[in-house]
Amino acid sequence: DISAVKQPTRRPAPQNDPLRWWRESRFGMFIHWGLYAIPAGVWQGQRVPYIGEWMMFREKIPVATYAALAAQFHPRHFDAAAWVRLAKQAGMRYLVITAKHHDGFAMYRTSVNRYNVVDATPWHHDPMVDLARECRRQGVRLCFYYSQDLDWHHPDGAWNDWDYPAAAKNPARYLREKVKPQLRELLTRYGPVGMIWFDTPLTLTKAQSASIRRFVKKLQPRCLVSGRIGHGLGDYNLPRDNFLPPGRLEGDWETCATLNHTWGFKTHDHEWKSAENLITTLVDLVSKGANYLLNIGPDADGVVPAPSVQRLRAVGAWLERNGDAIYGTSPSPFRNEFSWGRITTKGRRLFLHFFSAPPKIFHLHGLRTRVRTARALGDARRAFATRQTTDAATGLPILAIDFTGLRFRAPVTVVALDLAAAPDVEPQP
Ligand code: H57
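Here the structure is a predicted model, which means the values were calculated and not measured.

Let's talk about the domain arrangement of the chain
- Once the domains are mapped, the chain shows domain 1 (27-325) and domain 2 (330-419).
- Across the interface of domain 1 and domain 2, roughly 1,700 Å² is buried in total on both sides, 56% from carbon and sulfur atoms.
- Seen at the junction of domain 1 and domain 2, the total is three salt bridges.
- A salt bridge links arginine 349 to aspartate 324, with the shortest nitrogen-to-oxygen separation between them at 3.5 Å.
- Only α8 (275-287) and α9 (306-322) provide two or more residues apiece to the side of domain 1 that touches domain 2.
- Per element, the largest residue contribution to the side of domain 1 that touches domain 2 is seven residues, and it comes from α8.
- In terms of residue class, the side of domain 1 that touches domain 2 is made up of six nonpolar, five polar and six charged.

Below is the structure:
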């Protein structure tokens, strides 16, 4: 049942390609943090279904009522160094934090209005200054999430029709008075920004999205624009939240995903994905050509939920050993999925990601390139014997690997094949 896809692996990007760092990173940290962490999924004593940061919309909370939450926002345990260290420990290479989500509240110092974390809270503090500094210190790319379309606070923003009648809205005014001035602040006050992660394009026209994109590129030409700027204008593609592609994706993709069922913190969402699930999902996505942007939702005190910390560290421990098979790799030059696992590649190496212990004699069909060595990542001492032959019936190349002595480590054990040249793969029946 092995059908290889005849397709060249992605050519290395030119040195000056602005997407280069993003393609090589493969794994990033998403952070959803805002006023919604205070109600944390509970409003007037009732648990509100759906993702926590959509509370205001779900309950049609009037702007004045929701804005009053700011008076309670004083995160005594916020520790930018610890958040960035957690990203590092997890093996994440970039960090995307909500500068402004759909509720319209700026989580940084803005001069556009007083609806922000410095002016409206007793904390009077701009956490993005700390995060920018720590990202610089610890070598993580800083990126900002910015909701360019939905804004339930600005009278001209999309989707708050309980405070503001839809007919009276002037989106151009919202872009002029809020979106662009705030983007200018984000792109001029925090040093180099890896990308602006725009989200949920629902009402803006192609011309409006294009003008936002141009605005970003004018201020920071190398800053990326996420796929959800809309109208196909992003620097890369974004499928829907938590999307797991069935097969290989053409071009540049990123799956953003939750650890439980919410982005913004909820007190009662305890259904966490397992570390094993996260590791195999990372492998699956990378083997199909997608980055994995995995979310944490710190609580209103600035504490990252312990189950999130524990799982991210487990992923990081796996990457510590197996990162060679993830960072800077291209998708499988073979078919997308194998019953035994997945494949990634980089230069003259193929990485076989086994989801379960392989048979003692393992066969891989269709590889024309000569194999020099086969070794498990993190266990370089032992080389496994290989033999390359041609199937008499089909004429196709077969690689046999003798895995005697391989110690399978759950959930994914990676075997690196060093090849004599870049992998050349046969099309197969
Ligand atoms: O920031 C996170 C995630 C990264 N994207 C946001 C979420 O808050 C959600 C995107 N939601 C997509 C979407 C498109 C239309 C509406 C939701 C309630 C009632 C109608 C809807 C939701 Fe739908």
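A look at the pattern of salt bridges
- Summed over the entire model, instances satisfying the criterion amount to 25 salt bridges.
- Between aspartate 402 and lysine 360 there is a salt bridge, with the nearest N and O atoms lying 3.9 Å from each other. Remark: lysine 360 occurs in the loop between β12 (349-354) and β13 (361-365) and aspartate 402 occurs in strand β17 (residues 397-402); sequence separation between them is 42 residues.
- Aspartate 402 gets classed as partly exposed once you look at its relative accessible area, which sits at 26%.
- Several salt bridges converge on common partners, so that one network encompasses Asp130, Arg133, Glu134 and Arg137.

Digging into the side chain of aspartate 149
- Secondary-structure assignment places aspartate 149 in the loop between β5 (141-146) and α6 (171-188).
- Despite its burial, aspartate 149 pairs with no opposite charge; the closest candidate is lysine 169, at 9.0 Å N-O.
- If we ignore the near neighbours within four places in the chain, the residues touching aspartate 149 are Gly157, Ala158, Tyr174, Thr200, Pro201, Leu202, Thr203 and Leu204.

Some details on the pairing of β5
- Burial analysis of β5 places five of its six residues in the buried class, the great majority of the element.
- Sheet topology places strand β4 (residues 94-100) next to β5; six bridges connect them, and they run parallel. Bridged to tyrosine 94 within β5 is arginine 141.
- Chirality of the crossover, the property in question, places the unit of β4, helix α5 (residues 127-138) and β5 among those that are right-handed.
- As paired elements, β5 and strand β6 (residues 195-198) share three bridges and run parallel to each other. Across the sheet, residue phenylalanine 144 finds its bridge partner in β6, namely isoleucine 196.
- What joins β5 to β6 is α6, and the crossover it makes is right-handed.

Notes on the packing of helix α4 (residues 80-90) against α5
- Two elements in contact, α4 and α5, have axes separated by 9 Å at closest approach and are oriented at 40 degrees. What the angle tells us is that α4 and α5 run oblique. The element α4 and its partner α5 pack so that their crossing is right-handed. Facing α4, whose interface residues are Ala80, Ala81, Trp83, Val84, Arg85 and Lys88, α5 presents Asp130, Leu131, Glu134, Cys135 and Gln138.
- In the contact of α4 with α5, the residues fall into six nonpolar, one polar and four charged.

Section: the sheet that holds strand β16 (residues 385-390)
- If you walk across this open sheet you meet the three strands as β13-β17-β16, and the pairing is antiparallel. Each edge of the open sheet is held by one strand with a lone partner, namely β13 and β16. Ignoring which end each strand starts from, the neighbouring axes of this sheet average 20 degrees apart.
- Where β13 and β17 come together, five bridges link them in antiparallel fashion. Paired with isoleucine 361 across the two strands is aspartate 402, which belongs to β17.

Calculation notes
Residues numbered from 1 in each chain as written. Predicted model: local features only at pLDDT ≥ 70, side-chain atom pairs only at ≥ 80, totals over all residues. Heavy atoms only, no water. Domains from an automatic or database assignment. Buried area = accessible area lost by both parts, 1.4 Å probe. Salt bridge = Lys/Arg side-chain N within 4 Å of Asp/Glu carboxyl O. Helix = DSSP H or I, 4+ residues; strand = E, 2+ residues; numbered from the N terminus. Nonpolar A, V, L, I, M, F, W, Y, C, P; charged D, E, K, R; others polar. Buried < 20%, exposed > 50% of the residue type's maximum accessible area, 1.4 Å probe, protein only. Lys, Arg positive; Asp, Glu negative; His and termini not counted. Contact = heavy atoms within 4.5 Å. Pairing = 2+ DSSP bridges. Right-handed = clockwise from strand over helix to strand, strands pointing away. Axes fitted to C-alpha atoms, helices over the stretch in contact; angles between N-to-C directions. Parallel < 35°, antiparallel > 145°, perpendicular 65-115°, else oblique. Left-handed = near helix turned anticlockwise from the far one by under 90°.

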